[in-house]
Amino acid sequence: MRIKKGFVLREVCGENIIVGEGLGAVNFGKMLALNETAAWLWTKAMDLGEFTSDDLVDQLCDEYEVSHEEARPDVTAILDEWLKVGVIE
Amino acid sequence: MQRNTIKRLSGMCVSRYYQVAEHRFCVRGDESCFSLMANYQPFACADGEALFSLAISSGEAPEFTEELRQDDVEQMIVCGHTAAGDAVFGFVWDGATAGWLVCSADYHAGRLITTGQYTKLAIDNALMILFALATADKRTALFHAAVVSHQGRGYMFLGPSGTGKSTHARLWLRYIEGTELVNDDNPVVRVGQDGVATVFGSPWSGKTPCYRNLSYPLGGVVLLSQAPYNKIQRLGALQAYAALVPSISGKRWDARIADGLHATENALAMQVPVWHLECLPDEAAAQLCKGEINGER
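For clarity, every value in this text was computed on a predicted model and none was experimentally measured. (Residues numbered from 1 in each chain as written. Chains lettered and ligands numbered in written order. Predicted model: local features only at pLDDT ≥ 70, side-chain atom pairs only at ≥ 80, totals over all residues. Heavy atoms only, no water.)

The subject of this paragraph is the overall build of chain B. A tally of helices and strands in chain B yields seven helices and 18 strands. C-alpha atoms of chain B, sized along the principal axes, occupy 60 × 45 × 40 Å. The burial tally for chain B puts 51% of its 297 residues in the buried class. Taking contacts inside chain B between residues at least 6 apart in sequence as the whole, the part at least 24 apart equals 60%. Averaging the positions of the 25 positive and the 30 negative side-chain charges in chain B gives two centres separated by 4 Å. (Helix = DSSP H or I, 4+ residues; strand = E, 2+ residues; numbered from the N terminus. Buried < 20%, exposed > 50% of the residue type's maximum accessible area, 1.4 Å probe, protein only. Contact = heavy atoms within 4.5 Å. Lys, Arg positive; Asp, Glu negative; His and termini not counted. Charge placed at Lys NZ, Arg CZ, Asp CG, Glu CD.)

Here it is in structure tokens:
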């Protein structure tokens, strides 16, 4: 998977929001609010470029004191939402 | 005779300076260009250091790679870049190309190549684009909105084309004493070092000739939508941000422009009250809006 071109994470009024700004994303027309973990994962996904669900689970486990079993459902849920909204592909 | 006069003068290039929202810019062209620029006259200023400059002359189409087309009701803007990295904007009106703006990557120096068709449209579009892009990192935003003044403050009405921004402004003018029109289509907002937002008139005002060199503290912003009833509610900061973004001109696929506009939008969303007014085009809508805004003060 990868983050679609043109989507960026911005701090809007103190909250983490994904907005469409680049070519191909300028007509996205909505904003996606992320909690702190989701925003952290977005940054990691951005750094990785191409990534899998397991890559993000590994990253989360390295950073936070959480087991793979605990992290996996959270990561899956976040990625499902991102796919549904259309900010990753 | 008239034709000869214009031809004789057309060789003489002069520079004129204008100041909009306290940003100075320079336009270089011949007399035939300036004869189309009466709307800039209230903004004429002394020579001096300019934030950006535009040179106008007729010529052939530049070679460029297209990035994006912005299709509007009557006009289309074709955006792209040259092999050398200059930004290009082509202006198409009613199927005919009016001209091309070719400008440096930092948007501080541009030249407008005119085709001889719809030249005024090309000049206004080129200056609006350069203004919006050259000021994007200066806590300045060029809006698509109507603005009225009332009791020493400016109130800005937003909404997609056809929502009734001008209509709502007219309702204020008609029914609310002491209201004046500041701008009907393209006002400028600046956020000062102190965080206070000011709204300015501009030489661009859509179909309404309202080119007033005025400024007011921005008292509030109202996002309009049509409804079979009148209802107003204050928006939270995030909703306010979402309401502001689509009303601001820019080239958001240029990350530097997007960063600059975001800073301005974020400051406005946190500091300026923003309402959503669902309304009919009637007096009650204007009175409801004014009452709510006055309650805020």
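There is more to say after this.
Attention now moves to the pattern of salt bridges. This model, assessed by the stated rule, comprises 12 salt bridges over all chains. With its nearest N and O atoms 2.8 Å apart, the salt bridge here joins Arg10 of chain A to Glu21 of chain A. Taken together, the residues span a long stretch of sequence, with Arg10 of chain A in strand E1 (residues 7-12) and Glu21 of chain A in the loop between strand E2 (15-20) and strand E3 (32-34) at a distance of 11 residues. Overlapping salt bridges bring together Arg10 and Glu21 of chain A together with Asp259 of chain B as one network. (Salt bridge = Lys/Arg side-chain N within 4 Å of Asp/Glu carboxyl O.)

All names here are of chain A. The N-to-C vectors of helix H1 (residues 36-48) and helix H2 (residues 53-63) enclose an angle of 120°; their axes lie 10 Å apart at closest approach. On the basis of their axis angle, the class for H1 and H2 is oblique. Crossing hand, H1 versus H2: right-handed. Facing Thr37, Trp40, Leu41, Lys44, Ala45 and Leu48 of H1, the residues of H2 in contact are Asp55, Leu56, Gln59, Leu60 and Glu63. (Axes fitted to C-alpha atoms, helices over the stretch in contact; angles between N-to-C directions. Parallel < 35°, antiparallel > 145°, perpendicular 65-115°, else oblique. Left-handed = near helix turned anticlockwise from the far one by under 90°.)

To continue, consider the interface of chain A and chain B. Where the parts come together, the accessible area they lose is often given as the size of the interface. Each partner contributes to the interface: chain A provides 11 residues, whereas chain B provides 15 residues. Taking both partners together, chain A and chain B bury about 1100 Å²; carbon and sulfur atoms supply 73% of that area. A per-residue breakdown of the area chain A buries against chain B is headed by Arg10, Cys13 and Leu23 of chain A, which together make up 47% of the total. One can count one salt bridge joining chain A with chain B. For Arg10 of chain A, the salt bridge is made with Asp259 of chain B, and the minimal N-O distance between the two is 2.7 Å. Connecting chain A to chain B are four residue pairs in polar contact (both at pLDDT 80 or more). Elements with a contribution of two residues or more to the side of chain A that touches chain B: E1 and E2 of chain A. For the side of chain A that touches chain B, the leading source of residues is E1 of chain A, giving three residues. (Buried area = accessible area lost by both parts, 1.4 Å probe. Polar contact = N/O pair within 3.5 Å; in protein donor to acceptor, adjacent residues only side chain to side chain.)

This next bit is on helix H4 (residues 165-175) of chain B. By the burial criterion, the buried members of H4 of chain B are Lys165, His168, Ala169, Leu171 and Trp172 of chain B. Down the axis of H4 of chain B, the buried side of the element spans an arc of 155°, and every buried residue falls inside it. (Arc of directions from axis to C-beta.)

Next up on the list: the confidence of the model for chain B. Residues and elements named next belong to chain B. Across chain B, the average pLDDT comes to 93, with 96% of residues at or above 70. Segment residues 1-9 is flagged for pLDDT under 50; beyond a separation of four residues in sequence, or across chains, it makes three contacts in the model. Model confidence for the complex is summarised by a pTM of 0.90, with the ipTM given as 0.79. (pLDDT = per-residue confidence, 0-100.)

Once that is clear, we can look at the pairing of strand E7 (residues 87-93) of chain B. All names here are of chain B. Counting buried positions along E7 yields six of seven residues, so the element is predominantly enclosed. Where strand E6 (residues 75-81) and E7 come together, seven bridges link them in antiparallel fashion. Following the sheet pairing, Ile77 is matched in E7 by Phe91. With antiparallel pairing between neighbouring strands as the criterion, E6 and E7 make up a hairpin whose turn holds five residues, including Gly85 at a positive phi of roughly 100°. With seven bridges connecting them, E7 and strand E8 (residues 96-103) associate as antiparallel partners. Within E8, the residue paired with Val88 across the bridge is Val102. If you look at the hairpin formed by E7 and E8, you'll find two residues sitting between the two strands, and Asp94 has a positive phi there, around 55°. (Pairing = 2+ DSSP bridges.)

On to the sheet that holds E2 of chain A, then. Residue and element names in this part refer to chain A. Here three strands make up an open sheet; going across it, the order is E1-E2-E3 and the pairing antiparallel. This sheet does not close on itself; its edge strands, each paired only once, are E1 and E3. Averaged over all pairs of adjacent strands, the angle between strand axes in this sheet comes to 35°, irrespective of strand direction. In the sheet, E1 pairs with E2 via six bridges, with the strands oriented antiparallel. Along E2, the bridge assignment pairs Glu11 with Asn16. This element, H1, spans E1, E2 and E3 of the sheet and lies at about 145° to E1.

On to the sheet that holds strand E3 (residues 44-45) of chain B. Residues and elements named next belong to chain B. One open sheet accounts for nine strands, arranged E3-E1-E2-E4-E9-E8-E7-E6-E5; its pairing is mixed. Every other strand in the sheet has two partners, leaving E3 and strand E5 (65-71) as the edge strands with one partner each. Each of strand E1 (14-20), strand E2 (23-29), strand E4 (52-58), E6, E7, E8 and strand E9 (109-114) touches helix H3 (residues 119-134); the most contacted strand, E4, lies at about 155° to it.

With that settled, the discussion passes to the domain arrangement of chain B. Residue and element names in this part refer to chain B. Assigned domains of chain B: these are domain 1 (6-134) and domain 2 (140-293). Each partner contributes to the interface: domain 1 provides 24 residues, whereas domain 2 provides 21 residues. Of all residues in domain 1, Ala21, Phe43 and Met128 give up the largest surface area on contact with domain 2, accounting jointly for 25% of the area buried on that side. Summed over the shared surface of domain 1 and domain 2, the result is zero salt bridges. The tally of links from domain 1 across to domain 2 stands at 10 residue pairs in polar contact (both at pLDDT 80 or more). If you list the elements that add at least two residues to the side of domain 1 that touches domain 2, you get E5, E7 and H3. Grouping the constituent residues of the side of domain 1 that touches domain 2 by class yields 16 nonpolar, three polar and five charged. (Domains from an automatic or database assignment. Nonpolar A, V, L, I, M, F, W, Y, C, P; charged D, E, K, R; others polar.)

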